Amino acid sequence: MNSIGILGILLALLAAGAGAYLLTPRRYESSDSVANSYDQWTDDGILEFYWGEHIHLGHYGSPPRRKDFLAAKADFVHEMVRWGGLDRLPAGTTVLDVGCGIGGSSRILARDYGFAVTGVTISPNQVRRAQQLTPQGLTARFQVDDAMALSFPDASFDVVWSVEAGPHMPDKAVFARELLRVLKPGGVLVVADWNQRDDRTIPLNAWEKPVMRQLLDQWSHPAFASIEGFTEQLEATGLVAGQVTTADWTRETLPSWLDSIWQGIARPAGLVKFGLPGFIKSVREVPTLLLMRLAFGAGLCRFGMFRAVRASQPGQPQAMVTASDRYTS
């Protein structure tokens, strides 16, 4: 077969792949669709093989520098601890990890900081895998729970921690209230999330709208909040003392998207381990990863950090603050 024939076959495969990608989205339908997606990704082990124990982005420093993909993920946890001021808290501090995945962050918080961690996820398979990966004696436990209706009483934890769970939440205001409801007065909320640009200020343009639609449809996301919008929703609960502190970590986390694709090339053992079905499933995620890189690199999406302290009394007055005062590095 000549080169023209080979090129034709490759183009046909590419077209077929693009068609399958566009025609078989994994739209958010309910909490069950999120749970089922994570159950499947946990069952086959592909995501864990390439992304390790942390199903979240890595932190590459300020300014960013080259890092091992898996090391950057662990570094993210330590950077978030420091940014949130949690490294000043004593051993035994109770922490709720909302959207804990297979427990990577929970284990670091328990092992390296001595916290008593409860990790919750809507995926039963993630809970089982988190339990398997957690050494006996480590103060981290896991259970199935719904972040939109947490099973814990009010004021249960010293710290509430959440990484990249918000995009799966259909009602961000309910999510904000649940995070703060289970926090003790004076306790600290620290959240890291994928956010979109505030489209109340700069509406999405012609190319951004279809890109955002794919980012939502392919990974069971009902919507992304903006940093500004979620800040307002946290403060609207009346449960925040003073002001919500925010930061934009887009630059620090941006290399993760292309690094995640590179893992499939740099670690060919995955092809042997998971075979052709695993290869096809992995390749299917590449367009979404590339769109994520485009969106975060072009300013359509931002990586938001949020820190709030639970008020001693509901409705405690908030300090007057301008938008520029909210941001920290």
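Right, let's walk through the structure included here. (Residues numbered from 1 in each chain as written. Predicted model: local features only at pLDDT ≥ 70, side-chain atom pairs only at ≥ 80, totals over all residues. Heavy atoms only, no water.)

A few words on the overall build of the protein chain. Each helix and strand counted, the protein chain has 13 helices and seven strands in total. Buried residues in the protein chain amount to 50% of all 329 residues. Across the protein chain, the fraction of contacts at a sequence separation of at least 24, relative to all contacts at a separation of at least 6, is 78%. Within the structure as shown, the protein chain displays about 15000 Å² of accessible surface, and the carbon and sulfur contribution to it stands at 60%. (Helix = DSSP H or I, 4+ residues; strand = E, 2+ residues; numbered from the N terminus. Buried < 20%, exposed > 50% of the residue type's maximum accessible area, 1.4 Å probe, protein only. Contact = heavy atoms within 4.5 Å. Areas by Shrake-Rupley, 256 points an atom, 1.4 Å probe, with all protein chains shown as cover.)

Sheet analysis places strand S2 (residues 116-121) next to strand S3 (residues 140-144), joined by five bridges and oriented parallel. Bridging across to S3, Thr121 finds its partner in Val144. Handedness of the crossover joining S2 and S3 through helix H6 (residues 124-133) is recorded here as right-handed. (Pairing = 2+ DSSP bridges. Right-handed = clockwise from strand over helix to strand, strands pointing away.)

Quick look at the pattern of salt bridges now. Any two side chains of opposite charge can pair, given that their charged atoms come close. Using the criterion set out here, one finds 15 salt bridges in the structure. Note that Asp112 is salt-bridged to Arg111, the shortest N-O span being 2.9 Å. Exposure remark for Asp112: the relative accessible area of 38% places this residue in the partly exposed category. Classification of Arg111 as exposed rests on a relative accessible area of 51%. Its salt-bridge partner being Glu208, residue Arg197 comes within 2.8 Å of it at the nearest N-O pair. (Salt bridge = Lys/Arg side-chain N within 4 Å of Asp/Glu carboxyl O.)

Counted by the stated rule, this structure contains 14 aromatic pairs. On the numbers, 5.6 Å between centres and 85° between planes, the contact of Phe76 with Trp249 is edge-to-face. Placement of Phe76 in helix H4 (residues 69-84) and of Trp249 in the loop between strand S6 (240-248) and helix H10 (250-253) is noted, with a sequence separation of 173 residues between them. Of the two residues, Phe76 and Trp249, neither departs from the other in class, the shared state being buried. Between the aromatic rings of Phe230 and Phe306, the centroid separation amounts to 5.2 Å while the plane-to-plane angle is 85°, which identifies the pairing as edge-to-face. Of the two residues, Phe230 sits in helix H9 (residues 227-236) while Phe306 sits in strand S7 (residues 301-310), which places them 76 residues apart along the sequence. Accessibility assignment for this pair places Phe230 and Phe306 in one class, buried. An aromatic cluster of at least three residues, connected via ring pairs, comprises Trp194, Trp219, Phe224, Trp257 and Phe296. (Phe/Tyr/Trp six-rings, centres within 6.5 Å; stacked < 30°, edge-to-face > 60°.)

Within the secondary structure, Glu178 sits in helix H7 (residues 172-181). Relative accessible area serves as the criterion here: at 11%, Glu178 is assigned to the buried category. Beyond its immediate chain neighbours, meaning those up to four positions away, Glu178 contacts Ala147, Met148, Ala149 and Leu150.

Moving on, we get to a nonpolar patch on the surface. Taken together, the side chains of Leu271, Leu276, Phe279, Ile280 and Val283 present a nonpolar region at the surface, about 480 Å² in accessible area. Checked against the element boundaries, Phe279 lands in helix H12 (residues 269-284). (Patch = residues over 30% accessible without salt bridge, like charges linked within 9 Å, V, L, I, M, F, W, Y side chains within 5 Å.)

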